[in-house]
Amino acid sequence: MDSRFTPRSRLADKTSYRRVFEKAERSRDNMFTVLYRPNGTDVPRLGLAISKKNCRLATGRNRLKRIVRESFRHHRTELPGLDIVVMNQPAAARANNNALFGSLDAHWRQCNQRHSEKAGKS
RNA sequence: AGAGUCGGCCAGGCAAUCGCUGUGUUUCCGUAAAGAAAUGCAGAGGAAAGUCCGGGCUCCGUCAGGCAGGGCGCCAGGUAACACCUGGAGGGUGCGAGCCCAUGGAAAGUGCCACAGAAAAUAUACCGCCCGCAUUUGUUUGCGGGUAAGGGUGAAAUGGUGCGGUAAGAGCGCACCGCGCGGGUGGUAACACUCCGCGGCACGGCAAACCCCGCCUGGAGCAAGACCAAAUAGGGGAGCAUGUGGACCGCUUGGUCCACUCCGGGCCUGAACGGGCUCCCGGGUAGGUUGCUUGAGGCAGUCGGUGACGGCUGUCCCAGAUGAAUGAUUGUCCACGACAGAACCCGGCUUAUGGCCGGCUCUUUCU
RNA sequence: CGGGGCGUAGCGCAGCCUGGUAGCGCACCACAAUGGGGUUGUGGGGGUCGGAAGUUCGAAUCUUCUCGCCCCGA
């Protein structure tokens with residue numbers, strides 16, 4: 001199983017982010033808001049939008065980014081071709097690592113489920 | 001043992017698995033570039049923070065210099081430079097080790113000092129004290145003068161103590177202390193000493209009020225700056241094709257030259273113009289590349305210096321990301337892990353913060 | 001990352017340069033006026049001047065440090 005996380009699997013520029021923010025499905029709990037939109041390929045891509053407002057210290061923001069990347073790369077092969085942007089909620093700054101991983105697992109499952117439902121309909 | 005004070009050091013370790021960034025080597029794929037794989041090496045801080053100072057670097061401006069504005073401010077040294085550091089001087093504070101100080105000038109000038117108080121700075125006199133004259137039953141009142149010891153006000157009141165002196169007093173005189181000026185001695189200097197002379201004292205505070213004196217200072221900042229440069233729109237140029245009318249040349253096909261200008265309104269006409277195509281040029285947006293890490297560099301030794309620091313020798317290369325890299329999981333050990341994440345780079349300051357070690361001081365107890 | 005600005009009553013602001021009394025509007029409370037309400041008039045209450053040090057006799061004001069918020073530069 002390939003669980004690497006390369007530059008190919010990231011949202012690289014402003015236009016990619018704008019594309020997701022313009023029109024996206026949403027999955028949300030008290031730790032993260034996850035936006036996603038099909039990108040027309042087989043590989044999922046991840047973008048991070050960790051706000052200073054919801055997490056004041058730079059070390060805290062770095063921690064959240066690492067957790068999200070770590071979780072993403074473990075589930076990369078299970079996910080369809082989506083552009084995903086993860087945003088943080090205030091509660092995430094105070095949560096421990098296990099809680100964050102649990103929350104992200106749920107988000108990935110929801111992405112997968114909703115996407116396959118849509119694909120089935122169309 | 002407790003309390004305090006100063007200085008130095010560390011910033012969880014190890015193992016396994018899965019990953020991230022840079023870079024070297026090898027292999028694969030390719031004309032090449034790019035890419036992929038394997039593997040080696042390296043990969044956040046003492047504050048990376050606040051952005052409060054000082055520099056380097058870059059662009060703009062610029063003869064030198066001066067003014068304005070801003071900054072600094074005991075002395076000497078260190079430094080690329082500083083508001084930093086070291087050593088010293090003088091104050092303040094603490095029993096002490098120590099700590100703190102924007103610490104030049106108020107006899108260059110201007111200004112301010114609320115309330116209270118007689119008076120807040122040229123001095124002056126409310127209650128008093130004293131003398132003289134007048135007055136009164138009565139040292140009661142009034143007038144004139146002397147005085148600044150005492151009272152009271154205030155943050156601050158015009159040297160202090162003692163003796164002499166006097167009507168009462170007063171540097172009025174004297175002694176000691178303090179102060180100022182000059183000289184001397186020690187020190188590079190700030191300053192100190194008081195062996196000496198002079199001055200009876202002439203000098204309230206505030207310069208983080210204006211200011212004066214001395215020294216420093218051009219402006220902006222890596223989102224600086226440099227380079228490459230799509231699409232679309234627009235600018236400039238060249239060429240091709242092309243309408244109408246008139247004139248000219250020509251036997252004809254045809255050719256040449258000129259005009260059809262701009263704004264507003266009306267009418268007529270709907271032939272033409274406005275238009276189309278191709279190429280080139282520079283400006284420049286998205287985007288990309290660069291600036292980007294070898295430096296006032298680290299470590300070790302040695303020499304000079306009280307020290308900050310400097311000289312010499314040897315040795316090492318030690319993050320360079322760009323939605324932004326150091327992590328996750330598990331095991332294990334212990335002190336059970338605080339504050340906290342580089343973004344052009346250095347030197348400081350300040351603030352946040354866990355622990356360890358050492359020197360010194362005070363208190364208590366024991367020997 | 002760099003550059004600049006602002007914190008004063010519940011809200012919006014003045015006062016700060018030139019230091020001694022914190023003021024204005026809206027809001028709030030009471031009274032008057034009305035049958036009642038609004039409008040109006042009169043009076044009143046309410047402020048650690050973001051926080052901590054320093055200078056000064058005295059600081060919202062001057063100086064330093066610190067906390068929070070806002071704006072600008074791709």
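Here, the structure is the one placed above.
Cut-off values and rules
Residues numbered from 1 in each chain as written. Chains lettered and ligands numbered in written order. Predicted model: local features only at pLDDT ≥ 70, side-chain atom pairs only at ≥ 80, totals over all residues. Heavy atoms only, no water. Phe/Tyr/Trp six-rings, centres within 6.5 Å; stacked < 30°, edge-to-face > 60°. Helix = DSSP H or I, 4+ residues; strand = E, 2+ residues; numbered from the N terminus. Buried < 20%, exposed > 50% of the residue type's maximum accessible area, 1.4 Å probe, protein only. Expected span 1.5 Å × (residues − 1). Arc of directions from axis to C-beta.

Asker: Hey, could you go over the packing of aromatic side chains for me, with residue numbers and the actual values?
Answerer: Inspection of the entire model under this criterion finds one aromatic pair. Judged by centre distance (6.0 Å) and plane angle (70 degrees), the ring pair of Phe72 and Trp108 falls under edge-to-face. Linking Phe72 in helix α2 (residues 58-74) with Trp108 in helix α3 (residues 97-121), this pair joins segments that are 36 residues apart in sequence. The same class applies to Phe72 as to Trp108, namely buried.

Asker: Kindly report on α2, identifying the contributing residues and their values.
Answerer: Relative to the 24 Å expected for 17 residues at 1.5 Å per residue, α2 spans 25 Å between its end C-alpha atoms, a close match to the ideal helical length. Gly60, Arg61, Leu64, Ile67, Val68, Ser71 and Phe72 are the residues of α2 that are buried. Seen end-on, α2 carries its buried residues on one side only, within an arc spanning 130 degrees. Projecting away from the buried face of α2 at angles above 90 degrees are the exposed residues Thr59 and Arg66.

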